[in-house]
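# Inside the fold
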Amino acid sequence: MSKDKSDTAPPPGQAAAAAATATEHPGHGERTHFPIVGIGASAGGLEAFEEFFRHLPDDCGLAFVLVPHLDPGHASLLTEILQRSTAMPVVEAENGVAVAANRVYIIPPNREMAIVHGQLWVAVPELPRGQRMPIDAFLRSLADDQGDQAIGVILSGTGSDGTLGMRAIHGAGGITLVQEPSSAKFPGMPGSVIHAAYATHVLPAADMPTVLLATARQLSNDVHPAPQANEATAVDIDAVLTLLHASTGHDFSHYKKGTIGRRIARRMLQHRLRSIDDYRAHVAAHPEEGRALFKDLLINVTRFFRDPEAFKVLKQEILPQLFADKPADYVFRIWVAGCASGEEAYSVAILVREFMSETQKAFKVQIYGTDLDEESIASARAGFYPPNIAADLTPAQLHTFFLHEDAGYRVRKEIREMLVFAVQNVIKDPPFSQLDLICCRNVMIYLEPELQNQLIRSLHYALRTNGVLFLSPAESIGMHAELFTAVNRKWKFYRAIGASRPNSTMLLGDLSWQTANPGRATHQVAGKLAPVNLAELTRRALLQLFAPASVVTDAAGNIVFVHGDTDRFLRPAPGQATLSVVDMALDSLRAELRSALHRATEERTTTRGRQVSAKIDGEIRNIRLSVHTLAEADGHQLLLVSFQEETLTATPTGHASTAAVDASSPAMRRIEELESELAHTWQALQSTIERQQVANEELMSSNEELQSTNEELQSTIEELETSKEELQSINEELVTVNGELLANSDHLTKTQNDLKNLLDNISGGIIFLDQQLCIRRFTSEAVDLYRLQAGDVGRPLADIKSTIEAHELLIDAQAVLDSKRPGEQEVRTIAGRHYQVRLKPYRTLDDDIDGVVMTFADITARVDANARVRTAQLFSESIVDTVREPLLVLDAELQVIAASRAFYQRFQVAKEETIGRQLSDLANRQWDLPAFRDLLLNILPRDEAVEDFPVEVDIHGSGRVQMMLNARRLAGTQPLILLAMGEVHSP
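Our subject in this report is the structure included herewith. (Residues numbered from 1 in each chain as written. Predicted model: local features only at pLDDT ≥ 70, side-chain atom pairs only at ≥ 80, totals over all residues. Heavy atoms only, no water.)

## Overview of the overall build of the chain
From N to C terminus, the chain includes 27 helices and 37 strands. Relative to its full complement of 987 residues, the chain shows a buried share of 44%. Within the chain, contacts between residues at least 6 apart in sequence are counted, and of these 62% link residues at least 24 apart. If you sum the accessible surface of the chain, you get close to 51,300 Å²; carbon and sulfur atoms cover 52% of it. (Helix = DSSP H or I, 4+ residues; strand = E, 2+ residues; numbered from the N terminus. Buried < 20%, exposed > 50% of the residue type's maximum accessible area, 1.4 Å probe, protein only. Contact = heavy atoms within 4.5 Å. Areas by Shrake-Rupley, 256 points an atom, 1.4 Å probe, with all protein chains shown as cover.)

This is the structure in structure tokens:
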């Protein structure tokens, strides 16, 4: 399960790289014999640290590594401060120091830190301040190094640093403690971990030591368990999994018991249960605990570009091979199985997009991301990630493929559209098909070997010929060298060999993929005998039977081996060459030989020394015929046929025992007749045998045709099975795409509802036009200006009758399209209403101009008000002009707003010399009287009046004139002063 690592730790200056390349597999490092606790904090963390260590005993058996956010420009006093709260030694971490129990290590200022093989490594950070995530970096390395013995603690602080690190520890099976936000001085960091659901315990800092001590005791028991406890635990785990299967429908019985046991132990610790029996009863009584355990067993631990070197190989070596010689319309298909919250799927999409941009290739890419966890798939579909991902991506990737928002980063549209996410059980549900690349990383490490073999065959079936399988460094294809060939063994890239046979996997009625009967092939192999040396076997048999002339035949009588001199008994038959022992035998031997072969093959009966008379070299000879059954070889039955010629017994006179027979005697004639009759009978028998042989040949031909038809039928059945499996895979893809479309449709419906309500509640009509000035959409209030109906969508606006008087808005709209600049007009309708029309370019999300938006705001009330104001103004001016005395209207700064006709006539000044000027500047500055100015300035704020203020003014043509000035506030919306000037006439 563990990924290989070198025995040497990274040199100084590479702690950040070590933390960044650490993976979340359980048990990757050399574990210590005591738990290591990583604690992260930021603002307000000092008080939480002191509260934490104040309640912790000095001999707790734990090691503590503190990663607070420190000021990089100043030396830290945290070591001295915390030493007052605990008797354990508190020291700053140094490069290469081995972590020891009952000690506290603090990261130095302006450093980042990682732990590798139980040793701390510090380095100067490469990222600028504000972009560093030191807590995430350390906790990730801790999860990789200590696995399920890792413990993470997040205390008071702002931001989200530590969330991804706690995710790594949670996925590795460790314990995660988070300070209760209400007890934290700054709840940002604890709240982020809680919201992401990576906290196994949420409690005040003072209560954390109790949980840590209980955890330490449990981990100590796990290191030295009793043998009988292991057996009992395995049985109890199966009982818990049975309850889980009944409540969730998911079967974890073939997952590795060690991983499941650690997850169950963590749940037991969280609920403070002492035995697994208690926990089983708790699950049975609380269905929500079953769902929580199910979610805990789904180890959704991932990040962008995990194992960066592997993704570098994927881009530089694998993708060029996969994209080579592909036609322009090729659809490149990728499956990321077990994608969790989508980081790995998006990483592959980014890599493919970068590769196509660099090589100037443009293929359609379909990437399927699947996982068993519905919540993770929902997060993947949203494509929104916290700011911490900046540590795993280059600045160029962040800028090109993500949109920066207040709370994090969102995947851009061009990347999101490459992916389809769906909930899928990679073991139970049918796989996708015709794939070019499958990324199935860190899935098999949690499965038993039987399930791993099943998954490997399923993945091979899903790949095209020469498609590539991408596994994690801790996984391999096992004993399936016949299915894959290694492309890169270090980073686990394998190329599929050929295509899967239709019977390599079978789809059962409950959609469960499983291998065919594994025992059958083994039985067939075991049933085969080693190749038999026919010569040696035959010699041994002949030696037992005094080695007569013999042949070895198959069950059909065809000769496969010859021993001794068989020329006297077997001769090549005329006509087409044959190896049939019956056809080659002497005529007088054929009937008996055929019968003996039949008894040997059908009845398993041995023929021993059957005496047959045969004519050899013109003489009648007695031949002993024997047929024996030999052991089967390669599944074929063999027969041993032996011929032994008898030696005739001599008479005392030295002649043969054959009696002399007189050829002319009746007995001799009778013999000749019998021989002639026997010959005719023999010929008739031979004719019958030949006809029977012809019939047998015809039957054999028919049988061969039937066998050929049967083979064709079997081939058709296999093709149908293959088609069925492909259809089921296609159906699975359709279901996946349909789920994605339903999610998008639901989102689109909500967006349309929001848009409809927005448009319906906007005061004023809106008309959306395309580039041809045809109607896209309009609001209900737009019908007051154009006689629009629902069926007018798509029609040119020029075809719709307008109620606007003497103004061509379409000309203005075309000008907006051409210039790409907004415009504004005021128009009047036939009904006498006034509207302000704003014309703006219609911009798409890609900032392209695709039409015009016309917005109509009703300004009738404003126009009427302005008209009334103008009328009132004319009215008041007329009144003022009828007064014989000179009048001035001043503002608060004593600036002239208006003057009466009598003023212009009496002082003989023009209007442009008066309006807008200060009172003190009039009449050659004769009005520049400080006392009078002070009285005027008090009129508006104190609502006072000036009465009969005497002045003497030099008026052209009249000399010095005595005048009385009266001033008061002028009622109205704007504060103004009315100044009247009356002349004093001498009596």
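On we go from here.
## With respect to the sheet that holds strand 11 (residues 331–337)
Strand order in this open sheet of seven strands is 16-12-11-17-18-20-19, and the pairing throughout is mixed. Of all the strands in the sheet, the pair left with one neighbour each is strand 16 (419–423) and strand 19 (484–488). Averaged over all neighbouring strand pairs, the angle between strand axes comes to 20°, with direction disregarded. Pairing geometry for strand 19 and strand 20 (residues 493–496), over four bridges, is antiparallel. Bridge pairing links Thr485 to Arg495 in strand 20. Helix-sheet contacts for helix 14 (residues 374–382) involve strand 12 (364–371) and strand 16, and the interaxial angle to strand 16 is about 165°. (Pairing = 2+ DSSP bridges. Axes fitted to C-alpha atoms, helices over the stretch in contact; angles between N-to-C directions.)

## Description of the sheet that holds strand 29 (residues 775–778)
Strand order in the open sheet formed by five strands is 29-28-32-31-30, with antiparallel pairing between adjacent strands. Looking along the sheet, the strands with just one partner apiece sit at the ends: strand 29 and strand 30 (823–828). When the angles between neighbouring strand axes are averaged without regard to direction, this sheet yields 20°. In this structure, strand 30 lies alongside strand 31 (residues 834–843), joined through six bridges in antiparallel fashion. Each bridged residue has a counterpart across the sheet, and for Val827 the counterpart in strand 31 is Tyr835. Sheet contacts for helix 23 (residues 809–819): strand 30, strand 31 and strand 32 (849–858); angle to strand 31, the most-contacted strand, approximately 30°.

## Thoughts on the packing of aromatic side chains
According to the stated counting rule, one finds 21 aromatic pairs in the structure shown. Each ring, one from Phe323 and one from Phe363, has its centre 5.3 Å from the other, and the planes form 45°; the classification is tilted. Of the two residues, Phe323 is situated in helix 12 (residues 308–323) and Phe363 in the loop between helix 13 (343–359) and strand 12; the sequence distance between them amounts to 40 residues. We classify Phe323 as buried; its relative accessible area is 1%. Positioned over the ring face of Tyr330 is Lys326, at 5.3 Å from the centre of the ring. Residue placement shows Arg776 over the ring face of Tyr842; its charged tip is 4.5 Å from the ring centre. (Phe/Tyr/Trp six-rings, centres within 6.5 Å; stacked < 30°, edge-to-face > 60°. Lys NZ or Arg CZ within 6 Å of the ring centre and 35° of its normal.)

## Description of the environment of Ile800
Within the secondary structure, Ile800 sits in the loop between strand 29 and helix 23. For the pair Ile800 and Ile775, spaced 25 residues apart in sequence, the C-alpha to C-alpha distance is 9.9 Å. If sequence neighbours within four positions are ignored, Ile800 has contacts with Ile775, Tyr786, Arg787, Leu788, Asp792 and Arg795.

## Thoughts on the side chain of Thr79
Along the polypeptide, Thr79 turns up in helix 3 (residues 78–83). Each residue touching Thr79, except ones within four places of it in the same chain, is listed here: Val90, Val91, Glu92 and Ile106.

## Observations regarding the state of the cysteines
Within this structure, the stated rule accounts for zero disulfides. No disulfide involves Cys440; its nearest neighbouring cysteine sulfur is the one of Cys439, lying 9.1 Å away. (Disulfide = S-S within 2.5 Å.)

## A look at helix 6 (residues 188–195)
Along helix 6, the residues that are buried comprise Met189, Pro190, Ser192 and Val193. The arc that holds every buried residue of helix 6, seen down its axis, measures 160°, which confines them to one face. Buried-residue contacts for helix 6 involve strand 1 (36–41), helix 4 (134–146), strand 8 (150–154), helix 5 (163–172) and strand 9 (175–179). Backbone geometry just downstream of helix 6 places Ala197 in the positive-phi region, at approximately 65°. (Arc of directions from axis to C-beta.)

## Quick look at the environment of Leu978
Tracing the backbone shows Leu978 in strand 37 (residues 976–983). Residues Leu978 and Asp891, spaced 87 residues apart in sequence, show a C-alpha to C-alpha distance of 9.1 Å. Setting aside chain neighbours within four positions, we find Leu978 in contact with Leu888, Val889, Asn966, Ala967, Arg968 and Leu970.

## Looking at the pairing of strand 9
Burial analysis of strand 9 places five of its five residues in the buried class, which makes it a mostly covered element. The alternating pattern of strand 9 places Ile175, Leu177 and Gln179 on one face and Thr176 and Val178 on the opposite face, and all of these are buried. Both strand 8 and strand 9 contribute to a ladder of four bridges, which runs parallel. Bridge pairing in strand 9 links Val153 to Leu177. Between the parallel elements strand 8 and strand 9, the chain passes through helix 5 in a crossover that is right-handed. With three bridges joining them, strand 9 and strand 10 (residues 201–203) adopt parallel strand pairing. Bridge pairing in strand 10 places Gln179 opposite Leu203. A crossover connection joins strand 9 to the parallel strand 10 through helix 6; in handedness this β-α-β unit is right-handed. (Right-handed = clockwise from strand over helix to strand, strands pointing away.)

## Focus: unusual backbone geometry
With a phi close to 60°, Asp325 is a non-glycine residue in the positive phi region. The backbone of Asn442 shows a phi angle near 60°, a positive value even though the residue is not glycine. By the element assignment, Asn442 lies in the loop between strand 17 (435–439) and helix 17 (449–462). Under the relative-accessibility criterion, Asn442 is labelled buried at 10%.

## A few points about the packing of helix 10 (residues 276–285) against helix 11 (residues 287–297)
Orientation of helix 10 relative to helix 11, taken along the N-to-C sense of each, is 110°, at an axis distance of 5 Å. Classed by the angle they form, the pair helix 10 and helix 11 counts as roughly perpendicular. Contacts between helix 10 and helix 11 involve Tyr279, His282, Val283 and Ala285 from the former and Pro287, Glu289, Gly290 and Leu293 from the latter. Residues belonging to the contact of helix 10 with helix 11 are distributed by class as follows: five nonpolar, two polar and one charged. (Parallel < 35°, antiparallel > 145°, perpendicular 65-115°, else oblique. Nonpolar A, V, L, I, M, F, W, Y, C, P; charged D, E, K, R; others polar.)

## Things to note about the packing of helix 9 (residues 257–271) against helix 10
Helix 10 packs onto helix 9 with a crossing angle of 80° between their chain directions and a minimal axis gap of 10 Å. Here helix 10 runs roughly perpendicular to helix 9, going by the angle between their axes. Only Ile276, Tyr279 and His282 of helix 10 make contact with helix 9, whose side of the interface consists of Ile264, Arg267, Met268 and His271.

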